[in-house]
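A look at the structure
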Amino acid sequence: MNTYIYPPLTEWLELSNRPTKKTQDLQQVVLNVFDEIQNKKDKALIKLTEKFDNVKLSNLYVSEQEIEEAKSLITDDLKNAIQLAAANIEKFHSAQQEEIKIIETTKGVNCWRESRGIENVGIYIPGGTAPLFSTVLMLGIPAKLANCKNITLCTPPNKEGKINPAILYTADLIGINTIYKIGGIQAIGALTFGTETIEKVDKIFGPGNQYVTAAKQVAQNFGVAIDMPAGPSEVLVIADNTSVPKYVAADLLSQAEHGADSQVILLTDNENVLNETIQELEKQLNVLPRKEFAAKALENSRGIVLKNIDDCVNFSNIYAPEHLIFACEKAEDYTNKIINAGSVFLGNYSCESAGDYASGTNHTLPTNGYAKNYSGVSLDSFIKKITFQKLTKEGIQNIGPAIELMAEAEELFAHKNAVTLRLKS
């Protein structure tokens with residue numbers, strides 16, 4: 001981890017940079033893959049899966065038999081843990097459902113809004129070195145609550161052509177059974193254009209590496225919506241002298257282990273906290289099974305000492321972290337100053353892992369500074385809001401003259417006439 005002691009304000013923006021690839025390079029790779037999928041469809045998917053995942057598939061679809069086999073491979077303890085997490089996530093997201101409120105804006109003019117689930121959604125679940133079955137809960141549960149008609153799940157296979165059994169168990173638990181063995185850019189392309197096997201969707205959800213993120217962003221050019229840009233994981237920890245360095249180090253490593261392109265940031269007003277945390281990082285890193293990934297991520301990570309906690313919050317708002325951990329006893333005192341963050345964890349016991357798995361909040365969050373203009377996934381991500389209005393005779397009489405005047409001022413006389421005819425009758 002690179003350290004900086006009291007860097008001047010002029011350097012803050014540079015210190016907020018992420019270790020990302022050039023966007024132009026990524027987009028060209030995506031466009032090449034998309035073009036192949038548009039032209040060759042399933043054949044392209046099989047070819048690309050062999051190229052990128054080193055496995056030749058005869059069938060992209062996950063069968064019921066494979067799902068049943070997977071269920072038998074999961075321990076009862078893990079099943080219970082997944083069920084506990086599912087219950088909390090469902091409870092938190094169910095509370096986001098809105099009642100219909102009819103508002104009488106003027107006597108005889110009633111307006112309201114109703115929610116409708118997006119009919120066809122695609123869920124991308126990262127696999128490979130870290131099969132994120134927890135993401136199935138985070139995306140599948142709100143999709144079900146929103147009454148999305150068709151939910152398609154794509155996730156990369158291993159070298160034996162199989163999907164991690166925990167992913168299949170979790171999908172089955174919440175009622176998702178349209179599952180395909182396809183990952184990376186090719187999965188996003190399949191969901192964008194459709195193939196002989198995979199149906200085109202209206203919106204794509206799910207985190208991934210920089211290639212998946214770039215593919216999702218390009219997909220928007222082809223009429224498909226996405227949840228948000230959600231690339232390599234990141235965490236920013238603000239710690240003062242009331243923090244626990246071994247907890248802070250553990251939280252930093254929990255994100256660093258995602259992959260070499262992840263980034264973690266430690267901000268503190270206390271140089272001793274920085275030094276003690278770095279010692280703990282070295283100690284804990286050595287016993288991690290994924291220490292190679294974490295060590296690589298730490299090369300692109302930073303520990304920064306600033307003058308006070310207010311400066312730490314200001315730096316954090318510039319960085320706009322995916323995860324923000326406030327490792328301070330009085331963390332709540334600063335919540336109103338937090339402007340840009342995907343999800344916030346307050347106090348020494350609120351580890352980021354809680355939000356990743358079982359507290360109930362969603363872990364699909366904006367990265368790479370997009371927390372400045374995107375929210376994390378919620379129930380709203382899976383629904384559209386449709387406005388309704390009903391005017392009575394009294395209602396059109398009350399607002400009609402104002403509409404006529406405004407339409408005439410904009411020289412839209414057909415608009416005016418639609419009102420005039422009603423008022424005359």
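Residues numbered from 1 in each chain as written. Predicted model: local features only at pLDDT ≥ 70, side-chain atom pairs only at ≥ 80, totals over all residues. Heavy atoms only, no water.

What follows deals with the overall build of the protein. Of the regular secondary structure elements, the protein holds 16 helices and 14 strands. Counting only C-alpha atoms, the protein reaches 85 × 60 × 45 Å along its principal axes. A total of 425 residues make up the protein; the buried ones form 49% of that total. For the protein, restricting intrachain contacts to residue pairs at least 6 apart in sequence, the fraction spanning at least 24 positions comes to 75%. With an accessible surface of roughly 21,100 Å², the protein has 48% of that area assigned to carbon and sulfur atoms. Treating the 41 positive side-chain charges of the protein as one cloud and the 52 negative ones as another, the clouds have centres 6 Å apart. (Helix = DSSP H or I, 4+ residues; strand = E, 2+ residues; numbered from the N terminus. Buried < 20%, exposed > 50% of the residue type's maximum accessible area, 1.4 Å probe, protein only. Contact = heavy atoms within 4.5 Å. Areas by Shrake-Rupley, 256 points an atom, 1.4 Å probe, with all protein chains shown as cover. Lys, Arg positive; Asp, Glu negative; His and termini not counted. Charge placed at Lys NZ, Arg CZ, Asp CG, Glu CD.)

Counted by the stated rule, this structure contains 10 aromatic pairs. When the ring of F205 is compared with that of F382, the centres are 3.9 Å apart and the planes differ by 10°; the resulting orientation is stacked. On the criterion of sequence distance, the pair formed by F205 in strand 7 (residues 203–205) and F382 in the loop between helix 14 (352–357) and strand 14 (383–391) is long-range, its members being 177 residues apart. Neither F205 nor F382 differs from the other in exposure class; each is buried. (Phe/Tyr/Trp six-rings, centres within 6.5 Å; stacked < 30°, edge-to-face > 60°.)

Another aspect to go through is the sheet that holds strand 9 (residues 234–239). An order of 1-11-10-9-12-13 is seen for the 6 strands of this open sheet, with the pairing classed as parallel. Edge strands, defined here as strands with exactly one partner in the open sheet, are strand 1 (2–5) and strand 13 (343–346). Between one strand and the next, the sheet's axes are offset by a mean angle of 15°, whatever the strand orientation. Two strands pair when backbone bridges link them, and strand 10 (residues 263–268) and strand 11 (residues 302–305) are joined in this way by 4 bridges, in the parallel orientation. When the sheet's bridge partners are listed, I265 is paired in strand 11 with R302. The strands that helix 10 (residues 245–256) touches are strand 9, strand 10 and strand 12 (323–327); relative to strand 9, the one it contacts most, it runs at about 170°. (Pairing = 2+ DSSP bridges. Axes fitted to C-alpha atoms, helices over the stretch in contact; angles between N-to-C directions.)

Geometry of a packed helix pair, given as the angle between the helix axes and the separation of the axes. Packing of helix 10 against helix 11 (residues 271–285) brings their axes to within 8 Å, and their N-to-C directions diverge by 55°. Classed by the angle they form, the pair helix 10 and helix 11 counts as oblique. Helix 11 is crossed by helix 10, and the crossing has right-handed handedness. In this structure, helix 10 uses P245, K246, V248, A249, A250, L252 and L253 to contact helix 11, whose residues at the interface are E276, T277, E280, L281, Q284 and L285. (Parallel < 35°, antiparallel > 145°, perpendicular 65-115°, else oblique. Left-handed = near helix turned anticlockwise from the far one by under 90°.)

Our focus in this paragraph is unusual backbone geometry. Its identity is not glycine, yet N54 carries a phi of approximately 60°, on the positive side. Secondary-structure assignment places N54 in the loop between helix 3 (42–53) and helix 4 (64–72). The phi angle at N368 is positive, at roughly 55°, despite the residue not being glycine. Position of N368 relative to the elements: it lies in the loop between helix 14 and strand 14.

What follows deals with helix 13 (residues 309–319). Taken residue by residue, helix 13 has I309, C312, V313, F315, S316, N317 and Y319 as its buried positions. On its buried side, helix 13 packs onto helix 1 (12–15), strand 9, strand 10, strand 11 and strand 12. Backbone nitrogen of D310 and a side-chain oxygen of the N-cap are separated by 3.3 Å at the start of helix 13; the cap is N308. (Polar contact = N/O pair within 3.5 Å; in protein donor to acceptor, adjacent residues only side chain to side chain.)

Attention now moves to the environment of N88. Position of N88 among the secondary structure elements: in helix 5 (residues 76–94). On the basis of relative accessibility, which here comes to 29%, the residue N88 falls in the partly exposed class. Put simply, N88 and L391 are 303 residues apart on the chain and 42 Å apart in space, counted from C-alpha to C-alpha. Discounting chain neighbours no more than four positions away, the residues touching N88 are A358, S359 and G360.

In this section: the confidence of the model for the protein. Per-residue confidence for the protein gives a mean pLDDT of 94; residues scoring 70 or more make up 99%. Least confident of the elements in the protein is helix 2 (residues 23–40), whose mean pLDDT is 89; most confident is strand 2 (residues 103–106), at 98. (pLDDT = per-residue confidence, 0-100.)

A complete count under the given rule lists 14 salt bridges for this structure. The partner of K283 in a salt bridge is E280, and the shortest N-O contact between them spans 3.5 Å. On the criterion of helical spacing, the pair formed by K283 and E280 is a turn pair, its members being 3 residues apart in helix 11. A residue is classified by how much of its surface remains accessible, and K283, at 55% relative accessible area, is exposed. Judged by its relative accessible area of 17%, E280 falls in the buried class. Residue K296 pairs with E299 through a salt bridge whose shortest N-O separation is 3.6 Å. Taken together, the residues K296 and E299, both in helix 12 (residues 291–299) and 3 residues apart, mark about one turn of the helix. For K296, a relative accessible area of 42% translates into the label partly exposed. Through salt bridges with shared partners, a single network forms among E98, R113, D380 and K385. (Salt bridge = Lys/Arg side-chain N within 4 Å of Asp/Glu carboxyl O.)

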